[in-house]
Amino acid sequence: MIPISLKLSNFTSYGENVPELNFTKFHLAAISGPNGAGKSSLLDAITWCVWGWSRAGDSADNLVKLGQHDMSVEFSFDLDGHEFTVKRRRSTKSGGNSALEFWSNSHNLTEGTIKSTQQKIIDTLHLTFETFT
């Protein structure tokens, strides 16, 4: 899995209109900054988007930016020469609502349920959350 891009909205300390992180612009990078700047949140965003888990566990409501009700993460990556995109959203309004989409280029690979779509992502990657982290 080679990262291509990461888009965030209201994820942890990141608000709306966050500039896209384009991984194709560099081959090696160091992320630095003071405590609480959001460095670890970038990894949390990837793991939550792809596997539905982060350092906070599977409680997505804890990842929504304080004072907001909706968050989303979109992560694109290359795998064996194919581009895939995972889009995950969470709303805390009216008891909560989640959505998960899986795309290969312009082909929608999303299954009928979040659980079955999640399994399709794992089967495609051949990589679990535990192995990745």
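(A) Local environment of the pairing of strand S3 (residues 70-79). Two strands pair when backbone bridges link them, and strand S1 (residues 2-9) and S3 are joined in this way by seven bridges, in the antiparallel orientation. Considered in S3, the bridge of Ser 5 is made with Ser 76. Across ten bridges, the pairing between S3 and strand S4 (residues 82-91) is antiparallel. Among the inter-strand pairings, Met 71 is bridged to a residue of S4, identified as Arg 90. Hairpin remark: S3 followed by S4, antiparallel, with two residues in the connecting loop; positive phi at Asp 80, about 55°.

(B) View of the sheet that holds strand S5 (residues 97-104). If you trace the six strands from one edge of the open sheet to the other, you get S2-S1-S3-S4-S5-S6, paired in antiparallel fashion. Edge positions in the sheet fall to strand S2 (21-22) and strand S6 (107-108), since each has one partner strand and no second. Seen against the sheet, helix H1 (residues 39-51) touches S1, S2, S3, S4 and S5 and runs at an angle of roughly 95° to S4. Sheet contacts for helix H2 (residues 114-125): S3, S4 and S5; angle to S5, the most-contacted strand, approximately 35°.

(C) Layout of the nonpolar core. One finds Leu 6, Leu 8, Phe 11, Val 73, Phe 75, Phe 77 and Leu 125 to be the most contacted residues of the largest nonpolar core, which totals 28 residues. At the level of elements, S1, H1, S3, S4, S5 and H2 are the ones that each hand at least two residues to this core. Among the elements that make up this core, the one with the highest residue count is H1 (seven residues). Look past the residues within four positions of Phe 75 in its chain and what remains in contact with it is Met 1, Pro 3, Ser 5, Leu 6, Phe 23, Ile 46, Cys 49, Val 50, Phe 84, Thr 85 and Val 86.

Calculation criteria
Residues numbered from 1 in each chain as written. Predicted model: local features only at pLDDT ≥ 70, side-chain atom pairs only at ≥ 80, totals over all residues. Heavy atoms only, no water. Pairing = 2+ DSSP bridges. Helix = DSSP H or I, 4+ residues; strand = E, 2+ residues; numbered from the N terminus. Contact = heavy atoms within 4.5 Å. Axes fitted to C-alpha atoms, helices over the stretch in contact; angles between N-to-C directions. Core = buried A, V, L, I, M, F, W, Y, C linked by side-chain atoms within 4.5 Å. Buried < 20%, exposed > 50% of the residue type's maximum accessible area, 1.4 Å probe, protein only.

Remember, this is a structural readout, not a statement about activity or role.
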